[in-house]
Amino acid sequence: MVASSPVVVVTGANGLVGTAVCRALVERSARVRAVVRRAGSAPVLDGVTEHVGDPADEDFAREVVQGADAVVTTVHPMGSSREVQHRVGVEGTSVVARAARDAGVGRLVHMSTAGVYDRSAGVGDLAEDGALLPEGSGDYPDTKNATDAALAQVGGLTTVLVRPPAIMGAGDTSVWNTLRPQAVGDGERRVNPAKTFAWVHVDDLAVLIADVATGAVATAEDAEGGPVAGGTTPVVVAGEPATWRDYLGTVTDALGVAPEWTDEPVWTGQLLTDRARRWGWVPRVGLAQAMDELRRGLTTRA
């Protein structure tokens, strides 16, 4: 366990996940250094102090991690060019990790993604040891896989790669509650309804990240019991089973448009969360609640 009031650095603290993580950390009596690029954009919460700067800047990274017990990295510019994703995601996150190691920080918790796994048609259920997508699978999975690999090379640091699928949760920058529904409204609504829609609510994701960062999840010799001290441990987090009929059906119904169902072969497996559950994590937000939140948000905006 770390100190009763641990100091935790959170990069990307003004994003959907970063904000939820800051909130969960404060609930655990942590003192949070919220790293943002724009002044005045950090969450306004007791126990949170804003630190404005680029975490990829070595001098800034060294300064902000000094005396911290843990670092949480959430920054990855999905949708940007491959060059930008590599520079910010792979190189920038590595700068933070090395600074954390050199400062004697106990843990680095990195928000990876379940999008690094091969979820092709015919692939069954997936756990942490599932096959990763090969290089050339796309800018996002390629750079996320490269980030994970780079972090594994930073020795002397206990690193946890948290791998969520689609992250549900209300917010202007939320991909699945705001941005993807906008694309659906613009006509992008073709999918096999039986295709697995793997998801997790941002609040449940933040709980696991905060518990790992604050030491509520103790290290262990084996990854099934907790993060491996001095090693790199992936952990999958996902909510209850769902399909694209659940997600796209909710979005199209709220928007008043018709889905375009197809019948091509698709992945129908599940992401297995046995490891996360053995670490004590239990998701609180069910599918019905997540879809209701999604529907309410779309109806209100409409």
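The structure under discussion appears in the preceding block.
All values derive from a computational prediction rather than experimental measurement.

*Asks:* Lay out the pairing of strand 5 (residues 107–111) with the relevant residues and their values.
*Replies:* Of all five residues in strand 5, five are buried; the element is thus mostly enclosed. By the bridge criterion, four bridges tie strand 4 (residues 70–73) to strand 5 in an arrangement that is parallel. Looking at strand 5, one finds that Val72 is bridged to Val109. Each parallel crossover has a hand, and for strand 4 linked through helix 3 (residues 82–102) to strand 5 it is right-handed. Taken together, strand 5, helix 4 (residues 139–152) and strand 6 (residues 158–163) constitute a β-α-β crossover, and its handedness is right-handed.

*Asks:* Quick one: what's the story with empty space enclosed by the protein, residue by residue and with numbers?
*Replies:* Gaps left between atoms are located by rolling a probe of water-molecule size over the structure's atoms. All chains considered together, the criterion is met by two cavities of 30 Å³ or more. Phe197, Ala198, Trp199, Ala238, Gly239, Glu240, Pro241, Ala242, Gln270 and Leu271 together form the lining of the largest cavity. Per-class residue counts for the lining of the largest cavity are seven nonpolar, two polar and one charged. Of the pockets and cavities examined, the second largest cavity occupies roughly 30 Å³. Taken together, the elements giving at least two residues each to the lining of the second largest cavity come down to strand 1 (7–11) and helix 2 (58–65). When its residues are assigned to classes, the lining of the second largest cavity shows seven nonpolar, one polar and no charged.

*Asks:* Describe the side chain of Thr196, and please don't skip the residues or the numbers.
*Replies:* Along the chain, Thr196 turns up in the loop between strand 8 (190–191) and strand 9 (199–201). Taking the relative accessible area as the measure of exposure, Thr196 reaches 7% and is therefore buried. Within the local environment of Thr196, its side chain forms a polar contact with the backbone oxygen of Thr268, the two atoms lying 3.4 Å apart. Apart from the residues lying within four places of it in its own chain, the contact partners of Thr196 are Ala242, Thr243, Trp244, Trp267, Thr268, Gly269 and Gln270.

*Asks:* Would you mind going over the pattern of salt bridges in detail, with residue names and values included?
*Replies:* Overall, the coordinates contain 16 salt bridges when judged by the stated rule. Arg82 is the partner of Asp142 in a salt bridge, and the nearest nitrogen-oxygen pair spans 3.1 Å. In this pair, Asp142 is assigned in helix 4 and Arg82 in helix 3, connecting sequence segments 60 residues apart. By relative accessible area, which is 5% here, Asp142 ends up buried. Arg163 is the salt-bridge partner of Asp148, the closest N and O atoms lying 2.9 Å from each other. Of this pair, Asp148 sits in helix 4 while Arg163 is found in strand 6, placing the two residues 15 residues apart along the sequence. We classify Asp148 as buried; its relative accessible area is 4%. Connected through salt bridges with shared partners, the residues Arg82, Glu135, Asp139 and Asp142 form a single ionic network.

Quick notes on the rules
- Residues numbered from 1 in each chain as written.
- Predicted model: local features only at pLDDT ≥ 70, side-chain atom pairs only at ≥ 80, totals over all residues.
- Heavy atoms only, no water.
- Buried < 20%, exposed > 50% of the residue type's maximum accessible area, 1.4 Å probe, protein only.
- Helix = DSSP H or I, 4+ residues; strand = E, 2+ residues; numbered from the N terminus.
- Pairing = 2+ DSSP bridges.
- Right-handed = clockwise from strand over helix to strand, strands pointing away.
- 1 Å grid on protein atoms, 1.4 Å probe; cavity = no way out; pocket = protein on both sides within 12 Å on 5 of 7 lines; lining within 4 Å.
- Points joined across faces, edges and corners; volume = space filled by probe spheres on them.
- Nonpolar A, V, L, I, M, F, W, Y, C, P; charged D, E, K, R; others polar.
- Polar contact = N/O pair within 3.5 Å; in protein donor to acceptor, adjacent residues only side chain to side chain.
- Contact = heavy atoms within 4.5 Å.
- Salt bridge = Lys/Arg side-chain N within 4 Å of Asp/Glu carboxyl O.

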